[in-house]
Amino acid sequence: MIELQDIAYVRSGVTDLERATRFATDIVGLDPVVREAGATYLRADHRHHCLALVESDAPGVHASAFSLLDDAALEAAESELLKVGCTVTRGSETEARQRHVRNFIAFDDPFGNHIELVTGQSTLSRPINFGRPAAGIAEFGHLCLDAPDVRAAHEFWSTVFSGRVSDWIGDGACLMRIDPVHHKLAFFQNDAGPGLCHVNFQVKTLDDVMRNWRFLQQNDVHILHGPGRHPTSTAIFVYFLGPDDLTYEYSFGVQLIEDDAAWQPRMFELQEPGSIDMWLGPTQRTVSQSQLEGLSSVSMGARTSDPGVGV
Ligand SMILES: [Fe+2]
C-alpha cells in the first residue's frame, strides 16, 4: 500500500496566465511566489506552492500531486503501480526542478486522473506574502477529483493507496482522509471524464468565510454554492468559480478524526435535503475543470515495466 503523506499541489492549465494569476492573487488571495517558464506558482502555506497555473492552449487540469515520505517510498510506489497495471512515468530533472520537488513519478488512476507522486517538495520559511491578506487563508485544504463511479474510486484509492473513507454522500461522493483531517482527497461522481472538481483553502475563522463571501459578491465573482455547512466534515464553506472553470472553495472548521479505529463512515443520502448543506441553502453541482488531453507522458518516457530501477 502506498502511504500518502499529504496533498502537494495542483497544476492547472490556463489560457490567459495574466488573468488567472490576477484572480488567484487579488481575489483568492494566494501568494504568487514565482513566475517562470510560462507558469505562476502560488503559495498558501509552508509548501513552495500548492497551485501552479500553467499557460496552455486549452484550459484543463494537468495533474494533482501528493507527497510521499522519501525516494525509497517513491520507488516502492512505482513498483506497486506497475503491479496493478498502471503506466508510470518518471519526471525528468528539469520537470522536478519546475515543480520544486526532489523527484516525482506520474500515472493515471483507473478513471484517467493524472496524478503525480512527489518527494522533497520545497518548504519556504519566509513569511507568506498573501495577495489578499484579508482572505485569512490558513492552508491548502484538499483537492477533489471526478470519477464515474465513486465506489470504484474508493476501492483503488483505499487499497493501492492509504486513503480511508470518512463519509459517503450516496453514490455521489466519497470523502477520504490520509491523515486526521476529515478529507484531503475526495471523489465526485461525474460521467464527463477525469477532472478536478475543486481545490480547497482553509481559512482561519468563520468570519473569514463570511467576509470572503461578501468580498466575492462585491467583486462579481460567480458564487457556486454557499455559504453553507457540510454535515459530513462540519466545515462552513463557500465555493466560487475562477477563470478556466477552476472551482475554488474556502472553508473553516473541518472535523479531525483522531481515532481511526473508532470512526464509522456515515452514509448521507444525496437526494436528502441537507446532505450537502445542513443549512439547507440552494445546492448546485460545482463546475469541474476537465483534465487536459494529451499529457506529458511522451516527453517523460512512459514506463510500464522494470520496477526495480531507482528513482
Ligand atoms: Fe471541498
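Residues numbered from 1 in each chain as written. Predicted model: local features only at pLDDT ≥ 70, side-chain atom pairs only at ≥ 80, totals over all residues. Heavy atoms only, no water.

Side note on the pairing of strand S9 (residues 137–147)
- The buried count for S9 comes to nine of 11 residues, which makes it a mostly enclosed element.
- Summarising the sheet, S9 and strand S13 (residues 195–203) pair through seven bridges and their orientation is antiparallel. By the bridge assignment for S13, Leu143 is matched with Val199.
- Where S9 and strand S12 (residues 185–189) come together, five bridges link them in parallel fashion. (Buried < 20%, exposed > 50% of the residue type's maximum accessible area, 1.4 Å probe, protein only. Helix = DSSP H or I, 4+ residues; strand = E, 2+ residues; numbered from the N terminus. Pairing = 2+ DSSP bridges.)

Observations regarding the pattern of salt bridges
- Overall, the coordinates contain 14 salt bridges when judged by the stated rule.
- Its salt-bridge partner being Arg35, residue Glu18 comes within 3.0 Å of it at the nearest N-O pair. Here Glu18, found in helix H1 (residues 17–28), pairs with Arg35, found in strand S2 (residues 31–36); they are 17 residues apart in sequence, far enough to count as distant.
- Given a relative accessible area of 43%, Glu18 falls into the partly exposed group.
- Residue Arg35 is classed as partly exposed on the basis of its relative accessible area of 43%. (Salt bridge = Lys/Arg side-chain N within 4 Å of Asp/Glu carboxyl O.)

Some points on the packing of aromatic side chains
- Going through the model one piece at a time under the given rule, you end up with 15 aromatic pairs.
- Look at Trp157 and Phe187: their rings are 6.0 Å apart centre to centre, the planes differ by 40°, and that puts the pair in the tilted class. Here Trp157, found in helix H4 (residues 150–159), pairs with Phe187, found in strand S12; they are 30 residues apart in sequence, far enough to count as distant. For the pair shown, Trp157 and Phe187 are each scored as buried.
- An aromatic cluster is defined as three or more aromatic residues linked by ring pairs; in this entry it consists of Phe66, Phe107, Phe111, Phe156, Trp157, Phe161 and Phe187. (Phe/Tyr/Trp six-rings, centres within 6.5 Å; stacked < 30°, edge-to-face > 60°.)

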